[in-house]
Amino acid sequence: MLSKETIDIIKSTVPVLEIHGKTITTTFYQMLFDSHPELLNIFNHANQREGKQPQALANAVYAAAAHIDHLEDILPVVKQIGQKHRALNILPEHYPIVGENLLGAIKKVLGDAATPEILDAWAQAYGMIADAFISVEAEMYQEAENAPGGWRGFRPFVVERKIKESDVITSFYLKPQDGGAISSYLPGQYITVRVQPDNDNESYTHIRHYSLSAVPGEDYYRISVKREDAAPGKPAGLVSTYLHNSVNEGDVLEINAPAGSFTLDQEQNIPLVLISGGVGLTPMISMLETVLKEQPEREVTFIHAAINEGFHAMREHIEQLDTAHQPMKSYVCYEKPLDQSLCHKIGYIDLPWLQEVTSKESDFYFCGPVPFMRAVNQALQAWDIPAERIHYEFFGPAGSL
Ligand code: FAD
């Protein structure tokens, strides 16, 4: 338990630290990787460079500190981040290293303003926050390991099939190399891939999450990966281009077990609306196939937005599902169609159009690029959809959106 004095110090310093939030966490990452370069095998280098990871960490630490006397209130957030930590194989021994460098960064950025009392209070608070994460994550490791077909850490999987789905998206069907069972998952969850690309003189392993893009219950996992090509001022994505260009059928990838809290609520029976932009369609396909199989009477509207038909993955599959299932409707939006007859809407999804094609009394799930997600979220809020019926996944570090 923290003393009242310590809690008061923490609460009064959170706003100050928030002002310097990103500077502190950017300094923190520099210090962390200087002293522990082996951790570069775990953390996403692009997210560091773009500041997404420091932002996510800053948000998480300050949110936790602001709730330090009632951490249970932010348990859902702790669990969401804990899922990512479990998928990355973050272990209890990593926490003291992070704590030491975070305090070092606070001291460096705040200078004399960081008095010994303040640093001591933060050391105590960090210890409590770390314990909360460690205990939540311990349960998650147990669950992943004890599930039928489950395992802990990374397990080798063979690429059984590699299928091109669009100009930029390719699916990989993965089966365990040991021939054993695999754990099931909830529609919307992701698996985690660890690779060491041999095409870039890489000395580090790189870890990325990929949503499972098929209905659960098969003897394989399927992921569908968008190739992040280079553009002016932007290098090609490391892992996605490696998977597309260098990983072929028969090759082996290391996989961590399914994780994630963005999952379909199958207790609900109200109409379901699944909205995706670009490669954000992966968790939506899994949810769609699941609801058609398990809740065949449930009304479901599947909306997909893409640049044009060349970028549209799994179009025929969705059309076949739509034809075969009466309570399903599907709509396509193209930003710049090559053939206008292939889409229902040209341009971006907006509120008037959503009101035309969906019912307000629905459960809404969405996933896609950040500007798309902001637009859909704003539209749903402007429509007064209650927060508990709005669900989304963001393909970046939790807490950085
Ligand atoms: P990175 O090397 O990580 O680079 C990411 C982006 O940053 C690229 O666009 C790159 O051009 C840019 N970048 C890198 N360095 C710089 C720099 N110095 N300056 C400017 N820009 C830079 N992806 C999928 O394709 N399918 C999925 O189903 C999927 N599911 C996901 C589920 C979750 C829960 C999460 C968190 C992510 C998911 N992702 C998915 C995203 C995926 O994990 C990777 O982030 C994605 O494949 C890009 O990884 P990369 O290694 O190719 O790119």
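So, how was this worked out
All chains use their own residue numbering, which begins from 1 and follows the written sequence. It should be noted that, the model being predicted, local features are given only for residues of pLDDT at least 70 and side-chain atom pairs only at 80 or more, the latter also being counted only at that level, while totals for whole chains, interfaces and linings use all residues. The basis for every side-chain value is the complete set of non-hydrogen atoms in the structure, without hydrogens or water. UniProt positions are given in the numbering used here, feature names are shortened, and annotations may be inferred rather than shown by experiment. Here a strand is any run of E in DSSP of at least two residues, a helix any run of H or I of at least four, and the numbering for each starts at the N terminus. The span you would expect from a helix comes to 1.5 Å times its residue count less one. Any residue under 20% of the maximum accessible area for its type is buried, any over 50% is exposed, and the rest in between are partly exposed; the area is computed with a 1.4 Å probe on protein chains only. By definition in these notes, contact holds between two residues if any of their heavy atoms fall within 4.5 Å. Two strands make a pair as long as DSSP finds a minimum of two bridges between them. Note on definitions: angles span 0 to 180 degrees between N-to-C directions of axes, and those axes are lines fitted to C-alpha atoms, for helices only across the stretch in contact.

The next point concerns the UniProt feature "domain: Globin" (unreviewed entry) in the protein chain. Following the UniProt record, one finds the feature "domain: Globin" (unreviewed entry) at residues 1–138. Summarising residues 1–138: 76% helix, 0% strand, and an end-to-end C-alpha distance of 21 Å.

Its 15 residues give helix α4 (residues 52–66) an end-to-end C-alpha distance of 21 Å, which sits within 8% of 21 Å, the value for a rise of 1.5 Å per residue. All buried positions along α4 are accounted for by Gln53, Pro54, Ala56, Leu57, Ala58, Ala60, Val61, Tyr62, Ala64 and Ala65. Packed against the buried residues of α4 are α1 (4–19), α2 (21–35), α3 (45–49), α5 (75–88), α6 (94–110) and α7 (116–146).

As summarised here, the arrangement of the 6 strands in space is β4-β3-β6-β1-β2-β5, forming an open sheet in which the pairing is antiparallel. Across the chains shown, the open sheet's two edge strands, defined by having one partner strand only, are β4 (206–211) and β5 (221–226). Ignoring strand direction, the axes of neighbouring strands in this sheet form an average angle of 40°. One ladder, built from 6 bridges, connects strand β3 (residues 190–195) with β4; its direction is antiparallel. Considered in β4, the bridge of tyrosine 190 is made with serine 211. The strands touched by helix α8 (residues 238–246) are β1 (154–164), β2 (169–176), β3, β4, β5 and β6 (252–259); relative to β4, the strand with the most contacts, the crossing angle is about 75°.

Per the UniProt record, "binding site: heme b" (unreviewed entry) is annotated on His85. Mapped onto the elements, histidine 85 comes out in helix α5. By relative accessible area, histidine 85 is classed as buried at 18%. When neighbours within four sequence positions are excluded, histidine 85 is seen to be in contact with Ile90, Tyr95, Phe133, Glu137 and Tyr141.

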